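Read off the chains here:
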Amino acid sequence: MLVAGIKSRPVYGGLNVDTHAKRHLFALEGEGALALMDQVKAVGPDFLEHSDILYVAAASAAHEHDKALAKLGADTLWVAPTIPVLLNRLNVMLGQAHMGTHIYLSGTEGFIGQAQQVAMNHGVDPASLHKEHRGSTARRVQCVHCKGITDNVTTSPYTCSACGLPLLVRDHYSRRLGAFQGVNIDAEEPGTAPKPQELFP
Amino acid sequence: MTINTEMKVRVAKVTQVADKVKRFRFERVDGEPMPVFSGGAHVIVSMRDGKALRRNPYSLMSSPEDTKGYEISVLRVENSRGGSAFLHETLKEGDELVLSQPVNLFPFDQRAKKHIMMAGGIGITPFLAMMDQMEREGKNFELHYAVRTRTHGAYWKDLQQRYGAHRVKVYCDAENLFIPVEKILANQPLGTHLYVCGPAGMINGVLGKARDMGWPKQNLHSEEFLAPPPGKAFQVKLAKSSRAIDVAPHQSILEALEANGVDAPYLCRGGACGQCETGVVSCDGALEHNDHFLEPDDKASGRKIMICVSRIKGNEVTLDL
């Protein structure tokens, strides 16, 4: 069960390397590495010498994309152990970045949303970010009741990891929080929630 | 329908501030306060000049917090359609005219970490109000102001005194000084926004350079009010009301409609806002698009026209009005 057709649902336009950019900053998670490789195939490798890459393997560790990224020979590549560590590094780099730097985000939606939050705090308009969804369709969802956030939600309804309510997942998305909004599905008659369906593999 | 709660005002003060530039202060006839506006806003000034009713947009330059009156600065242009000539030569202190409510099509982005403004000549006016607001809100800003000669440039001395010469830089054509756009844009922190107001050539030049240097369009802002260019006379047919109205060579379609009692929608009257977008049913000639609003696809389609500044080359156009 999913409530779809809500306008705030993000649309990802693709990484589309901008050749006017003076520097390119890539923040990639898991399968997002492949989005960058596809750009190299599409426009050639010239932009890599002006590129910084931050990568976290997350659930894709077994694919060893970090090794493939290292072979690209970008100006810098830094592999983070976890998403929070990568976001921290991204925050520091954006604090020193200049206009003319383009920011590219690719990976799961939960990752893109959190990296976008970091960029927005530096005054970057989300519409000027280059974004491409790769990998799992699992969602990052906020419980609208207790405000607890659950990462990697693959079903609807799902059980809130913070308060335990069964929550209906909707396309209603908050850019500020970088999360979809989940709402209690059996508020009128507690205990009548339908069985979770695997919707976001 | 245009939602327009107009304000009757009296000219409280006229000041010559530079060569060909006069400042006008307007206060409400009924003594009520004016609404607070945001920096970058403009008003439409309605002027009764003999038989003609002129309505022109002017940027508000006074402090947005000053609710006792609004101030505009007007350059006397050589080939005036009548507005600037009327304001400079006819209008006197004590005269009455009508202002629209303020509308802002050129606001600054509150999310920005830094604001860079570039003004050419009389394009300084929206920035005067913006800087007043930015200073009050503790924003990080700088102004680069191009003037023809030091005596043509309005307000540059006041601005340098108020905000400091490190934040207000003046470049004078006559001294062979030009805004070093590339140098300024080269090392700005992430989250900087750029605002340009001045002649079309300057706006296009600056924004083109910024895009070439990788500035995203979301960080680029400009405003230029166009005067409707003259052309040949033609006739407008209104499909819904089955009327035919003549447009004179120095009249815009919007002005011709108004002169004939048709209440067509408008907001900026300068080709910027999009409010007066009108459907074209048919045209026996070519549409002459003079606005900044329609996308190239829309202009090419021949189905839409901005009646405040655009006209046709031909005899007759039928509009969806």
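Residues numbered from 1 in each chain as written. Chains lettered and ligands numbered in written order. Predicted model: local features only at pLDDT ≥ 70, side-chain atom pairs only at ≥ 80, totals over all residues. Heavy atoms only, no water.

Draft legend 1. Looking closely at the overall build of chain B. Within chain B, the regular secondary structure consists of seven helices and 18 strands. Relative to its length of 321 residues, chain B is compact, with a C-alpha radius of gyration of 20 Å against a globular reference of 20 Å. Each principal axis of the C-alpha atoms in chain B carries an extent, and together these give about 60 × 50 × 35 Å. Residue pairs at least 24 apart in sequence account for 68% of intrachain contacts in chain B once pairs closer than 6 positions are excluded. Summed over all atoms, the accessible surface of chain B reaches about 14,400 Å², with 49% contributed by carbon and sulfur. Of note, chain B has its 41 positive side-chain charges centred 2 Å away from the centre of its 39 negative side-chain charges. (Helix = DSSP H or I, 4+ residues; strand = E, 2+ residues; numbered from the N terminus. Rg over C-alpha atoms; globule rule 2.2 N^0.38 Å. Contact = heavy atoms within 4.5 Å. Areas by Shrake-Rupley, 256 points an atom, 1.4 Å probe, with all protein chains shown as cover. Lys, Arg positive; Asp, Glu negative; His and termini not counted. Charge placed at Lys NZ, Arg CZ, Asp CG, Glu CD.)

Draft legend 2. Representation of the interface of chain B and chain A. Across the boundary between the two partners, chain B contributes 18 residues, which contact 19 residues of chain A. Carbon and sulfur atoms supply 55% of the area that chain B and chain A bury against each other, a total of about 1,500 Å² over both sides. Looking only at chain B, the three residues that lose the most surface to chain A are Arg111(B), Leu190(B) and Gln218(B), adding up to 40% of its buried area. Applying the counting rule to chain B against chain A returns one salt bridge. Between Arg111(B) and Asp125(A) there is a salt bridge, and its shortest N-O distance comes to 2.9 Å. Linking chain B to chain A there are seven residue pairs in polar contact (both at pLDDT 80 or more). Listing elements by their share of the side of chain B that touches chain A, those giving two or more residues are strand S10 (192-197) and helix H5 (200-212) of chain B. (Buried area = accessible area lost by both parts, 1.4 Å probe. Salt bridge = Lys/Arg side-chain N within 4 Å of Asp/Glu carboxyl O. Polar contact = N/O pair within 3.5 Å; in protein donor to acceptor, adjacent residues only side chain to side chain.)

Draft legend 3. Expanded view of the confidence of the model for chain B. Looking at chain B as a whole, its pLDDT mean stands at 92, while 99% of the residues score no less than 70. Note on the complex model: pTM 0.89, ipTM 0.90. (pLDDT = per-residue confidence, 0-100.)

Draft legend 4. Structural view of unusual backbone geometry. Pro157(A) follows Ser156(A) through a cis peptide bond whose omega is -10 degrees. With respect to the helices and strands, Pro157(A) occurs in the loop between strand S9 (155-156) and strand S10 (158-159). Located in the positive-phi region is Ser242(B), a residue other than glycine, with phi close to 45 degrees. Note that Ser242(B) resides in the loop between strand S12 (234-238) and strand S13 (243-247). With relative accessibility at 63%, the residue Ser242(B) sits in the exposed group. Backbone geometry places Arg269(B), a non-glycine residue, at a positive phi of 60 degrees. With respect to the secondary-structure elements, Arg269(B) resides in the loop between helix H6 (253-259) and strand S14 (277-283). (Buried < 20%, exposed > 50% of the residue type's maximum accessible area, 1.4 Å probe, protein only.)

Draft legend 5. Local environment of the sheet that holds strand S4 (residues 52-59) of chain B. Residues and elements named next belong to chain B. Read from one edge of the open sheet, six strands run S4-S3-S6-S1-S2-S5, paired in antiparallel fashion. Of all the strands in the sheet, just S4 and strand S5 (70-75) have a single pairing partner and so form its edges. Between one strand axis and the next, the sheet turns by 40 degrees as a mean value, whatever way the strands run. The pairing of strand S1 (residues 7-18) with strand S6 (residues 96-99) spans four bridges and is classified as antiparallel. When the bridges of S6 are listed, valine 9 appears paired with leucine 97. (Pairing = 2+ DSSP bridges. Axes fitted to C-alpha atoms, helices over the stretch in contact; angles between N-to-C directions.)

Draft legend 6. Representation of the sheet that holds strand S2 (residues 23-29) of chain A in the model. Residues and elements named next belong to chain A. Taken in spatial order, the five strands line up as S4-S3-S2-S5-S6 in an open sheet, and their pairing is parallel. Edge positions in the open sheet fall to strand S4 (76-80) and strand S6 (130-133), since each of these has one partner strand only. For this sheet, the mean inter-axis angle between neighbouring strands, taken without regard to orientation, is 10 degrees. Pairing analysis gives six bridges linking S2 to strand S3 (residues 51-56), with the strands arranged parallel. Counted as the bridge partner of glutamate 29 is valine 56 from S3. Strand contacts of helix H1 (residues 32-43): S2, S3, strand S5 (101-107) and S6, with the helix running at about 145 degrees to S2, the strand carrying the most contacts.

Draft legend 7. Looking closely at the pairing of S10(B). Residue and element names in this part refer to chain B. Burial within S10 is extensive, with six of its six residues counted as buried. Along S10, one buried face is formed by Thr192, Leu194 and Val196 and the opposite face, lined by His193, Tyr195 and Cys197, is buried too. Where strand S7 (residues 114-120) and S10 come together, six bridges link them in parallel fashion. By the bridge assignment for S10, lysine 114 is matched with threonine 192. In the sheet, S10 pairs with strand S11 (residues 220-223) via four bridges, with the strands oriented parallel. Directly across from cysteine 197, in S11, lies its bridge partner glutamate 223. For the crossover from S10 across H5 to S11, the handedness is right-handed. (Right-handed = clockwise from strand over helix to strand, strands pointing away.)

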